[in-house]
Amino acid sequence: MTEEVVLYERNGPVATVTMNRPRYRNAQNSVMTYALDAAFERAVNDDEVSVIVLAGAGDHFSAGHDIGTPGRDVDVSYERKAVLWWDHVDKPGGDQRFARESEVYLGMCRRWREIPKPVIAMVQGACIAGGLMLAWVCDLIVASDDAFFADPVVRMGIPGVEYFAHPWVLGPRAAKEILFTGDRFTAQRAYEWGMVNRVVPRAELRDTVDAFAARIAQMPAFGLALTKKAVNQAEDQMGMRSGMDSVFGLHHLAHAHNAEVSKDSLAGMDAKAMRGASEK
């Protein structure tokens, strides 16, 4: 691939990390995952950076995991950064899926949640499934009024995406609603549920995020890092980490069941089928 799948820019104390596959609505393949990790590491190691913004190029933040573009690279090995586990490429069946998803999905999201600098997700357009995972690991979410969200993977018979933060970021009943129906929900609904911090007109999204980031950047860096850790630890004491571990097992049971009773571990659903079902 000749294009840079992730862009990095620093403006004063704010680093912006931008997913750059707009043709595919910023679907996340492994090369993007590891490019995101490298960009976050660069921002963490730069003492001039106080706040990180995660963005998506084009009309959409992210349509989720890459399950069907020409750049899908599930069969490619990468140096593992999130978990100490063996490579997935030469492994069969559930061994392959568990190894890969432990690393590039659950493991990377947990790694990014622990970034010691505040991270703001700047969300426009679609934020679906794996896109939700990326937004949820951020500390704050600012969404445009045309943004929409969904986790439709129950259509595959799978109980939600791998980073199963739903009950903590939405509350149990809202989590069940979006999972049971697979329906999209608006930025305003996300704000009402407490998932989103601010909703602004699309034309004001960048300026709002810039002002928000600049204000946060005035705070002491170590104080911000400790405060972030304090809130994360409180979430984990409320069961987030252990709950997520238990659901990850159910997630892989669903993959294995699909592989036994249907054509593949995704119950035969591709990106087009998932999008069509969500738009009905």
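The structure we're discussing is the one just above.
The text that follows walks through the structure, step by step, so that each part is easy to find. (Residues numbered from 1 in each chain as written. Predicted model: local features only at pLDDT ≥ 70, side-chain atom pairs only at ≥ 80, totals over all residues. Heavy atoms only, no water.)

### Details of the overall build of the protein
Argument step 1. Each helix and strand in the protein was counted, giving ten helices and nine strands.
Argument step 2. For the protein, whose C-alpha radius of gyration is 18 Å, the value lies close to the compact-globule estimate of 19 Å for 280 residues.
Argument step 3. Taking the principal axes of its C-alpha atoms as reference, the protein extends roughly 55 × 40 × 40 Å.
Argument step 4. In the protein, which comprises 280 residues, the share counted as buried stands at 51%.
Argument step 5. Contacts in the protein between residues far apart in sequence, at least 24 positions, make up 71% of those at least 6 positions apart.
Argument step 6. Taken together, the 31 basic and 37 acidic charged side chains of the protein have centroids lying 3 Å from each other. (Helix = DSSP H or I, 4+ residues; strand = E, 2+ residues; numbered from the N terminus. Rg over C-alpha atoms; globule rule 2.2 N^0.38 Å. Buried < 20%, exposed > 50% of the residue type's maximum accessible area, 1.4 Å probe, protein only. Contact = heavy atoms within 4.5 Å. Lys, Arg positive; Asp, Glu negative; His and termini not counted. Charge placed at Lys NZ, Arg CZ, Asp CG, Glu CD.)

### Focus: helix α7 (residues 205-217)
Argument step 1. The end-to-end C-alpha separation of α7 is 18 Å, in line with the 18 Å expected for 13 residues at 1.5 Å each.
Argument step 2. Among all positions in α7, only Leu205, Thr208, Val209, Phe212, Ala213, Ile216 and Ala217 are buried. All buried residues of α7 fall inside an arc of 165° around its axis, so they share one side. With respect to the buried face of α7, the exposed residues turned more than 90 degrees away are Asp207 and Arg215.
Argument step 3. Its buried side turned inward, α7 meets β2 (14-19), β3 (51-56), β4 (119-123), β6 (140-144), β9 (198-200) and α8 (221-237). (Expected span 1.5 Å × (residues − 1). Arc of directions from axis to C-beta.)

### Some words on the packing of aromatic side chains
Argument step 1. If you walk through the whole model with that rule in mind, you get seven aromatic pairs.
Argument step 2. Measuring from ring centre to ring centre gives 5.0 Å for tyrosine 34 and tyrosine 78, while their planes differ by 15°; the resulting arrangement is stacked. Residue tyrosine 34 is found in helix α1 (residues 30-45), and its partner tyrosine 78 is found in the loop between β3 and α2 (93-113); the two are separated by 44 residues along the sequence.
Argument step 3. Residue class for tyrosine 34 comes out buried when judged on its relative accessible area of 14%.
Argument step 4. Taking relative accessible area as the criterion, tyrosine 78 reaches 23% and is therefore assigned partly exposed.
Argument step 5. Positioned above the aromatic ring of phenylalanine 212, the side-chain terminus of arginine 198 is 3.9 Å from the ring centre. (Phe/Tyr/Trp six-rings, centres within 6.5 Å; stacked < 30°, edge-to-face > 60°. Lys NZ or Arg CZ within 6 Å of the ring centre and 35° of its normal.)

### Focus: the sheet that holds strand β8 (residues 185-186)
Argument step 1. Spatially, three strands are ordered β5-β7-β8 in an open sheet, and the strand pairing comes out mixed. Of all the strands in the sheet, just β5 (126-128) and β8 have a single pairing partner and so form its edges.
Argument step 2. Strand direction decides the pairing type here: strand β7 (residues 148-150) and β8, joined by two bridges, are antiparallel. Within β8, the residue paired with phenylalanine 149 across the bridge is phenylalanine 185.
Argument step 3. Packing of helix α3 (residues 130-137) onto the sheet brings it into contact with β5 and β7, and relative to β5 it is tilted by some 95°. (Pairing = 2+ DSSP bridges. Axes fitted to C-alpha atoms, helices over the stretch in contact; angles between N-to-C directions.)

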